[in-house]
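Structural overview for review
Here are the chains, one letter per residue:
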Amino acid sequence: MKNKYTIRITEQDFNRCRTTVLSDLPKEGAAFLLAGRKVIGASEELIVRRIVDVPKSKYRIQENYHLDISPKAINGLISLCERNNLGVILCHSHPTDSSYSPSDDHGEKRIAESIWKNIPNVPVGSLLISPTKVRARIWKPKDGYKPVSSVTILGRHIRKIFLNGRDHKTNTPSDIYDRQILAFGNKGQAILSNAKIAIVGLGGTGSPVAEQLVRMGVKDIVLIDPDVFDPSNITRVYGSTYEDGYKRFLHTYRLRKKKIPKVELMSKHLKKINPEIYIQPIRDSVVKTDAAKLLLDRDIIFCCTDEHWGRSIVNQIAYQYLIPVIDMGVRIDAKDKKIHGAFGAIHILRPDKPCLWCYEFLNADRIRAESLPEHERKSLLREGYVQDIDSKAPSVISLTTSISGHAVTAFLQLMTDFMGPAGDLARLNYFIMEGTVGRGSSGIKESCVCKKVRGYGDLMGLPTL
Ligand SMILES: [Zn+2]
Ligand SMILES: [Zn+2]
């Protein structure tokens with residue numbers, strides 16, 4: 001398999017970087033991008049954590065086709081990488097669309113080698129920006145440079161710049177999707193068909209999300225859920241039937257629960273809708289390392305679990321790997337079998353937007369309770385030391401379905417940008433008792449995990465089991 005190299009950066013960072021290096025046209029400009037890395041099989045991606053400006057005083061020569069940065073600035077960069085355990089993408093500009101020059105080749109190689117002399121093997125890449133073009137490459141120790149095939153820019157939508165001239169493949173059967181193509185065009189449909197998605201949790205919100213995605217033409221889905229199907233799930237799990245819940249014994253009227261894993265049931269159902277889809281059904285919790293790893297090559301992750309522990313892992317992945325997560329939930333407060341309050345929310349989690357900790361949607365005590373073995377939790381619960389996480393919560397299919405619909409619409413925005421600037425969403429509130437839906441947000445907390453892990457990728461561990 002041929003190696004594939006890519007770069008991932010937020011839209012804010014990309015725009016700032018572009019403005020910085022193009023500010024002195026026709027003279028060249030430079031910036032350093034501190035970067036983490038993700039390696040999956042033969043694919044390697046450099047992930048931008050933040051921009052480090054190179055002050056003009058640190059340019060030794062700044063001309064139209066030549067830029068030389070002082071050794072002092074390079075040494076400063078090396079110690080920054082060393083202190084933070086990060087690599088770097090060297091960024092500079094050209095006044096025209098010309099490619100890398102021999103002096104670029106020589107200069108970048110020299111910088112890469114002096115970085116590796118101090119910190120062996122950290123990622124080193126390069127970004128060349130001109131007024132109308134982007135070029136990129138990744139340097140490898142003892143192996144020269146490798147061309148980068150695409151740069152993913154993550155903002156209110158996911159924009160991919162293909163550097164080798166290839167765009168999204170557009171071979172979808174248009175007769176099935178003709179109504180949708182009327183809305184999003186052939187390119188939009190191709191983007192949906194090529195999307196790699198994960199759904200964590202297949203209950204009241206996860207199952208209608210899966211159903212909608214497959215009907216829209218999404219073909220590559222990872223499903224993660226540790227639970228088996230229970231007949232009481234029929235009231236809200238799409239794709240499930242009476243037959244999935246019970247096994248009838250021959251010659252008797254006795255019924256027994258079948259205990260089919262939810263991921264298997266869902267996968268069978270989705271393949272009936274579209275036999276050509278590729279599904280990876282994972283019957284495990286996302287707090288397990290092997291399950292969480294399957295999220296890392298996805299374009300978008302849907303977080304549809306109520307568990308705080310699992311949500312905290314998915315939340316962290318959004319910022320550490322710059323993979324947008326659409327989190328959703330519905331809460332119904334009922335007392336004496338009567339609803340007193342009902343609220344739904346979706347969060348679009350991505351760098352530059354608050355995370356679930358910033359919103360105070362995650363609770364450390366609850367995560368602790370969820371991480372305890374069952375017998376220990378039960379005895380601590382009797383003594384009043386942990387929260388009760390085992391009692392059943394009310395759930396209603398129309399409410400979980402509404403929220404899942406809003407979540408899939410947020411997915412469409414991320415993939416196609418059909419909403420334009422209004423699609424810069426952080427959160428949507430569904431005030432069920434008032435009958436209203438509206439935008440929401442919050443500040444980003446100063447020392448939050450979403451800031452600490454941003455862009456590190458594999459260069460920092462995930463708190464999984
Ligand atoms: Zn150059
Ligand atoms: Zn946060």
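Here the residue index of a chain counts from 1 through its sequence in written order. Going through the entries in the order they are written, you letter the chains from A and number the ligands from 1. In view of the model being predicted, local features appear only for residues whose pLDDT reaches at least 70, and side-chain atom pairs are presented and counted only at 80 or more, with totals across whole chains, interfaces and linings using the full set of residues. Side-chain calculation: all heavy atoms of the structure are included, whereas hydrogens and water are not.

**Focus on the coordination of the zinc ion (ligand 2)**
- For the zinc ion (ligand 2), the full set of protein donor atoms is Cys 355 (SG), Cys 358 (SG), Cys 448 (SG) and Cys 450 (SG), at a range of 2.2 to 2.4 Å.
- Donor selection uses N, O and S atoms within 2.8 Å of the metal (3.2 Å for Na, K and Ca). Since no water is included, sites may look incomplete. Under the classification used here, a metal with four donors is tetrahedral if each angle lies between 85 and 135 degrees, square planar if opposite donors are over 155 degrees apart and the others between 65 and 115, a six-donor metal meeting that same test is octahedral, and anything else is irregular. Considering all 4 donor atoms around the zinc ion (ligand 2), angles at the metal cover 101 to 119 degrees and the coordination shape is tetrahedral.
- Counting residues between consecutive donors of the zinc ion (ligand 2) along the chain gives the motif C-x2-C-x89-C-x1-C. The residues Cys 355 and Cys 358 share a single accessibility class, namely buried. Classification of residues uses two cut-offs on accessible area relative to the type maximum, computed with a 1.4 Å probe and protein chains only: under 20% is buried, over 50% is exposed, and between them is partly exposed.

**Digging into the sheet that holds strand β9 (residues 145-147)**
- By the convention used here, strands pair only if DSSP detects at least 2 bridges between them. Helical segments are the DSSP runs of H or I of at least four residues, strand segments are the runs of E of at least two, and each set is numbered from the N terminus. Taken together, the 9 strands give an open sheet; going across it, the order is β9-β8-β7-β6-β2-β3-β1-β10-β11, and neighbouring strands pair in mixed fashion. Two strands lie at the open edges of the sheet, namely β9 and β11 (158-162), each paired on one side alone. Across the sheet, the axes of successive neighbouring strands diverge by a mean angle of 30 degrees, strand direction being ignored.
- Sheet analysis places strand β10 (residues 150-154) next to β11, joined by 5 bridges and oriented antiparallel. Across the sheet, Ser 150 pairs through a bridge with Phe 162, a residue of β11.
- Working rule for contacts: check all heavy atoms of both residues, and any pair within 4.5 Å makes them a contact. Orientation is described by lines fitted to C-alpha atoms, with helices fitted over the stretch in contact, and by angles between N-to-C directions that extend from 0 to 180 degrees. Against the sheet, helix α1 (residues 11-22) makes contact with β1 (4-10), β2 (30-40), β3 (43-53), β6 (87-93), β7 (124-129), β8 (134-139), β10 and β11, and its axis sits at roughly 60 degrees relative to β3, the strand it touches most.

**Describing the pattern of salt bridges**
- Whenever Lys or Arg places a side-chain nitrogen within 4 Å of a carboxyl oxygen from Asp or Glu, that contact is recorded as a salt bridge. Within the structure shown, the criterion is met by 24 salt bridges.
- Across the salt bridge formed by Glu 370 and Arg 366, the nearest N and O atoms sit 3.1 Å from each other. Note that Glu 370 and Arg 366 are positioned in helix α10 (residues 364-371) at a spacing of 4 residues, about one turn of the helix.
- Glu 446 is the partner of Lys 451 in a salt bridge, and the nearest nitrogen-oxygen pair spans 3.3 Å.
- Residue Lys 451 is classed as partly exposed on the basis of its relative accessible area of 34%.

**Concerning the domain arrangement of the protein chain**
- Here the limits of each domain have been adopted from an automatic or database domain assignment. When cut into domains, the protein chain gives domain 1 (4-162) and domain 2 (178-452).
- Using only C-alpha atoms to locate each centre, domain 1 and domain 2 end up separated by 37 Å.
- Opposite the 15 residues of domain 1 that make contact, domain 2 presents 22 residues.
- Both faces combined, the contact of domain 1 with domain 2 buries some 1,500 Å², and carbon together with sulfur accounts for 55% of it.
- The term buried area means the drop in 1.4 Å probe accessible area that two parts suffer when joined, counted for both and summed. Per-residue buried area on domain 1 facing domain 2 is highest for Leu 154, Arg 156 and Ile 158; these three make up 40% of the total on that side.
- Taken together, the connections running from domain 1 to domain 2 amount to 1 salt bridge.
- One salt bridge connects Arg 156 with Asp 417, and the closest N-O pair in it is separated by 2.7 Å.
- Secondary-structure elements contributing two or more residues to the side of domain 1 that touches domain 2 are β1, β2, β3 and β11.
- Residues that form the side of domain 1 that touches domain 2 fall into these classes: 6 nonpolar, 4 polar and 5 charged. Under the grouping applied here, Gly and all other residues not named as nonpolar or charged are polar, the nonpolar ones being Ala, Val, Leu, Ile, Met, Phe, Trp, Tyr, Cys and Pro and the charged ones Asp, Glu, Lys and Arg.

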